[in-house]
Amino acid sequence: MAVPVLNIPTQELTKKPKPYLKVKNLQRWLEDLPTANLSRSTEQILEQLKIINRSRYPAHERIYLLDTLRPATKEILIQLKQQLKNPQLPLGRKQKEAAETLQKILEEMAAGYKCVVSQFTMYDSRKESEDMLLREAIYNSIQYLARQLVESYLVYAPEPYDVWRELHQLYNYAEQVDMHNLPVDDPYPDYMLPVAYTIELAYKRILLLSLAAPYHMMQNEAEEIYHLMGSWTDACNILPVINENIENEFVFDLATDAAPRFIGKNMDWQPVNGKMLDIKGVRLRIDNLLQQFLQHETIEEIHSHIEIQTRDMLLRLAQVMEGNLGRKSDRRTGIGNVRIAVGMN
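As a convention, each chain's residues are numbered from 1 in the sequence order in which they are written. Local features in a predicted model are, by the rule used here, given only for residues with pLDDT of at least 70; side-chain atom pairs are given and counted only at 80 or more, and totals for whole chains, interfaces and linings are based on all residues. Only hydrogens and water are set aside when side-chain values are computed; all heavy atoms of the structure are taken into account.

Caption draft 1: The packing of helix 6 (residues 163–176) against helix 7 (residues 199–211), seen in detail. Taken N-terminus to C-terminus, the directions of helix 6 and helix 7 make an angle of 145°; their axes are 10 Å apart at the nearest point. Crossing hand, helix 6 versus helix 7: left-handed. Contacts between helix 6 and helix 7 involve Trp164, Leu167, His168, Tyr171 and Ala174 from the former and Ile199, Glu200, Tyr203, Ile206, Leu207 and Ser210 from the latter. Put simply, Ala, Val, Leu, Ile, Met, Phe, Trp, Tyr, Cys and Pro go in the nonpolar bin, Asp, Glu, Lys and Arg in the charged bin, and everything else, Gly too, in the polar bin. By residue class, the composition of the contact of helix 6 with helix 7 is 8 nonpolar, 2 polar and 1 charged. Convention adopted: a line fitted to C-alpha atoms gives each axis, helices being fitted over their contacting stretch, and angles between N-to-C directions are expressed from 0 to 180 degrees. Working definition: helices are DSSP H or I runs of at least four residues, strands are E runs of at least two. Numbering for both runs from the N terminus. Handedness of a crossing is defined here by the sense of rotation of the near helix relative to the far one, left-handed for an anticlockwise turn of less than a right angle and right-handed for a clockwise turn. In this analysis, two residues are considered to be in contact whenever any of their non-hydrogen atoms come within 4.5 Å of each other.

Rendered as structure tokens:
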């Protein structure tokens, strides 16, 4: 069985990190964190994460240190996101700095849990408690990698390099060892959901968001759809592509750094490890929600601006889930003249 190939920081060759950090020491350090000063606390958290990720710790100690840092990093991420609420595009200097810092924290948190995954997957055999920690590490790695994508979509920035490949690798391994559907204890979720937290839920949620063409959505709608899809992952199935007719389907290749794509008529797609997303159940739920809004609209029950925005978002979502915004042909390189308007009087 192939272990996931992940991007992790180079670690020092010393047997023990210096100084050696224990959970109690880290908790005391967090108590002294200057939380009233976002800039300083962010800088210190990032520096601490970099030290931990680049030092050699046993897997079980590393994950406990990372879990201890999660509440503090969550608060910092919330404050950074406040600076990016309804941003002007392109981002101004301060907002760009906030977006870059947010990505750095997410990247380091993901890197820490990926280190744990790499350590545990190298074991010849694991105890039940170690399997549980591995499951948690894969789940959190996917959560932080997925959040990197979400935050990129929210400011219409490019997807971070290699994130999709790592997401595919992590899920593929979890599925092979049959732990993708086992529940995970997540005391610090980004959203409270009415379903059990699993590796499959975390993975499906970001897959479904990518189908929604987030770069075509209005500002902040990617966040709303990400939340919505968390409750609908049970209506989506991941199927292997084995001599299947994939025309007019959403597919993805676990061997690539790419999100799912819509396959139109006569489009060529040769995957190494292909998967198909069956989203008939998701489409049905969108249609049901839309019917509720449209029924209310006929009797003039939709009054608020928020309700109108939600209805319009669902209409766009229904359209894209039918593949209407998917490319109908492969990309090709071409040469031509382009005129650009740089200003208007």
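Caption draft 2: Spotlight on the side chain of Asn172. Counting through the fold element by element, Asn172 comes out in helix 6. Ignoring anything within four residues of it in the chain, the contact list for Asn172 reads Leu254 and Asn273.

Caption draft 3: Molecular detail of the sheet that holds strand 3 (residues 261–263). By definition, two strands form a pair when at least two bridges between them are found by DSSP. Here we have 4 strands laid out as an open sheet, ordered 1-4-2-3, and antiparallel in their pairing. Lying at the two open borders of the sheet, with one neighbouring strand each, are strand 1 (237–240) and strand 3. Sheet twist, expressed as the mean angle between neighbouring strand axes with direction ignored, is 40°. Taken together, the 4 bridges between strand 1 and strand 4 (residues 274–278) define a ladder with antiparallel strand orientation.

Caption draft 4: Main features of helix 6. Given the number of residues in a helix, its expected span is that number minus one, multiplied by 1.5 Å. With 14 residues, helix 6 extends 20 Å between its outermost C-alpha atoms, agreeing within 8% with the 20 Å of an ideal straight helix rising 1.5 Å per residue. Under the scheme applied here, a residue whose accessible area is under 20% of the maximum for its type counts as buried, over 50% as exposed, and between as partly exposed, the area being computed with a 1.4 Å probe on protein chains only. Along helix 6, the residues that are buried comprise Val163, Trp164, Arg165, Glu166, Leu167, His168, Leu170, Tyr171, Asn172, Tyr173 and Ala174. On its buried face, helix 6 is in contact with helix 4 (93–121), helix 5 (128–154), helix 7, strand 1 and strand 2 (249–253). Phi turns positive one or two residues past the end of helix 6, at Asp178, with a value near 60°.

Caption draft 5: Just the packing of helix 2 (residues 38–53) against helix 4, in detail. One way to put it is that helix 2 packs onto helix 4 with a least axis distance of 10 Å and a crossing angle of 25°. Here helix 2 lies roughly parallel to helix 4, going by the angle between them. The two elements helix 2 and helix 4 cross, and the hand of that crossing is left-handed. Taking contact as the criterion, the partners of Thr42, Leu46, Leu49, Lys50 and Asn53 in helix 2 are, on helix 4, Thr101, Lys104, Ile105, Glu108, Met109, Ala111, Gly112 and Cys115. Throughout this description, any angle smaller than 35 degrees is read as roughly parallel, any larger than 145 degrees as roughly antiparallel, any in the 65 to 115 degree range as roughly perpendicular, and the remainder as oblique.

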